[in-house]
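# Close look at the chain arrangement
Here is what each chain is made of, one letter per residue.
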Amino acid sequence: MSKPDGPPLTAWQQAAKAYFYVTIWMAISMSVILFNKYILAYSGFRYPIALTLWHMVFCTSVSSFLVRGIGATKRLHMPRKEYVNRVVPIGALYAASLWLSNSAYLHLSVSFIQMTKALMPGLVYVVGVGLGMEKLTKLTSVNMVIIAVGVAIAAYGEIDFVWLGVVEQLSALVFEAVRLMLVQVLITRQGYAMNPIQSLYYVSPACGVCLLLPFIFVELPEILADTTLQIDYPMLLLNALTAFALNLAVFLLIGKTSALTMNIAGVIKDWVLIFASQHLFGNKVSFLNYAGYVIAFLSVGMYNVNKLRAAKRAEKANIAAQGNKGTFVFTKSKHTLFTDPL
């Protein structure tokens, strides 16, 4: 006989619980970003492919132990052909996105990198329209143009502007936008709903294999020839643990609160990172940086408000349609808020 549930939480208790999960996610997410920046730009370990590959090896090992060793979560019934056709392309895009985004830390400030991430909703929207998953509308298109203009102003005002770093960061965002949409096309729509541990279990090996070749031919010769390199293994282990914890924190935040809460927390986190990087790494942020980013993030906020309204309209229409039949079946709206796990 199961124990009866305790008394329902009060509004204050629910708010405190939500704030707790938000705080945990923000702290871990900011730690990963600042940690990666420190390792790649200041510790002497200037090898982004090697760092990303190490993360994938660690995530593969831990997730395999959790899935196969102690059975923390179930394995999916996915044939090898399905894995190659659906998971490997996502792993390849993820590898490219992580490689290039980590490479950008060698050339750009954390503040400016966070500002460029305001482009993500627009890139996801463009990819979604191209794949037929989003409807092209005038309002949303204007919204995306405003975001792009805001980021362009921020880029124009960037004091330490490095073209290579900008190209790497923008390319990483494009790969990530394509990956996010393909996850829906190749995974979610086929019934392969994965929790974070399952995602790491299936995607990390594919991502690691895709990183192995560029590591062997690009960075491994440099590492072997670098006689001054001193690898801090405890620091790399702590960094990998932090990156793994971030995936679990994302699951907890969305599972215990909502995507909207995560999105609002993400905005706060970006502003905190912009200020924190100024003090920790001495990054200089100009007035145009701030002005452009304010324009971009306000437009991102408006975009999310419009998406939320569309989702509520779709849900009401579903309730009305099912109500006419005397039954109600909840169907998840395709309108999802943009969230950035990092």
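Just so we're clear, the structure is a prediction, and the values are computed from it rather than from any experiment.

Tallying each qualifying case throughout the model produces 3 salt bridges. We note a salt bridge from Arg86 to Glu82, for which the minimum N-O separation is 2.9 Å. You can see Arg86 and its partner Glu82 sitting in helix α3 (residues 80–104), 4 residues apart, about one turn around the helix. The exposure class assigned to Arg86 is buried, which follows from its relative accessible area of 15%. Across the pair Arg179 and Glu176 runs a salt bridge, and its minimum N-O distance is 2.7 Å. Linking Arg179 with Glu176, this pair stays in helix α7 (residues 163–187), spanning 3 residues, or about one helical turn.

This part takes up the packing of helix α2 (residues 48–69) against helix α8 (residues 196–225). Helix-helix packing is characterised by the crossing angle of the two axes and by the distance between the axes. Two elements in contact, α2 and α8, have axes whose closest approach is 7 Å; the angle formed by their N-to-C orientations is 150°. Taken together, α2 and α8 sit at an angle that is classed as roughly antiparallel. For the pair α2 and α8, the sense of crossing is left-handed. In the contact of α2 with α8, the residues fall into 19 nonpolar, 6 polar and 2 charged.

With that settled, the discussion passes to the state of the cysteines. Counted by the stated rule, this structure contains 0 disulfides. With no disulfide of its own, Cys207 lies 6.8 Å from the sulfur of Cys210, the closest cysteine sulfur. In this structure Cys207 comes out as buried when scored by relative accessible area, which is 0%. Judged by relative accessible area, which is 29%, Cys210 ranks as partly exposed.

Our next topic: the packing of aromatic side chains. One pass over the structure, following the stated rule, counts 14 aromatic pairs. Look at Tyr201 and Tyr202: their rings are 4.9 Å apart centre to centre, the planes differ by 85°, and that puts the pair in the edge-to-face class. The class for Tyr201 is buried, based on a relative accessible area of 11%. In textbook terms, an aromatic cluster arises when at least three aromatic residues are bridged by ring pairs, as seen for Trp271, Phe275, Tyr290, Tyr293 and Phe297.

On to the packing of α3 against α8, then. With their axes 7 Å apart at the nearest point, α3 and α8 run at an angle of 60° to one another. What the angle tells us is that α3 and α8 run oblique. Judged by the twist between their axes, the crossing of α3 over α8 is right-handed. On α8, the residues that touch Tyr83, Val87, Val88, Gly91, Ala92, Tyr94, Ala95, Leu98 and Trp99 of α3 are Tyr202, Val203, Pro205, Ala206, Cys207, Cys210, Leu211 and Pro214. Residues of the contact of α3 with α8, tallied by class, amount to 16 nonpolar, 1 polar and no charged.

Conventions used here
- Residues numbered from 1 in each chain as written.
- Predicted model: local features only at pLDDT ≥ 70, side-chain atom pairs only at ≥ 80, totals over all residues.
- Heavy atoms only, no water.
- Salt bridge = Lys/Arg side-chain N within 4 Å of Asp/Glu carboxyl O.
- Helix = DSSP H or I, 4+ residues; strand = E, 2+ residues; numbered from the N terminus.
- Buried < 20%, exposed > 50% of the residue type's maximum accessible area, 1.4 Å probe, protein only.
- Axes fitted to C-alpha atoms, helices over the stretch in contact; angles between N-to-C directions.
- Parallel < 35°, antiparallel > 145°, perpendicular 65-115°, else oblique.
- Left-handed = near helix turned anticlockwise from the far one by under 90°.
- Nonpolar A, V, L, I, M, F, W, Y, C, P; charged D, E, K, R; others polar.
- Disulfide = S-S within 2.5 Å.
- Phe/Tyr/Trp six-rings, centres within 6.5 Å; stacked < 30°, edge-to-face > 60°.
- Contact = heavy atoms within 4.5 Å.

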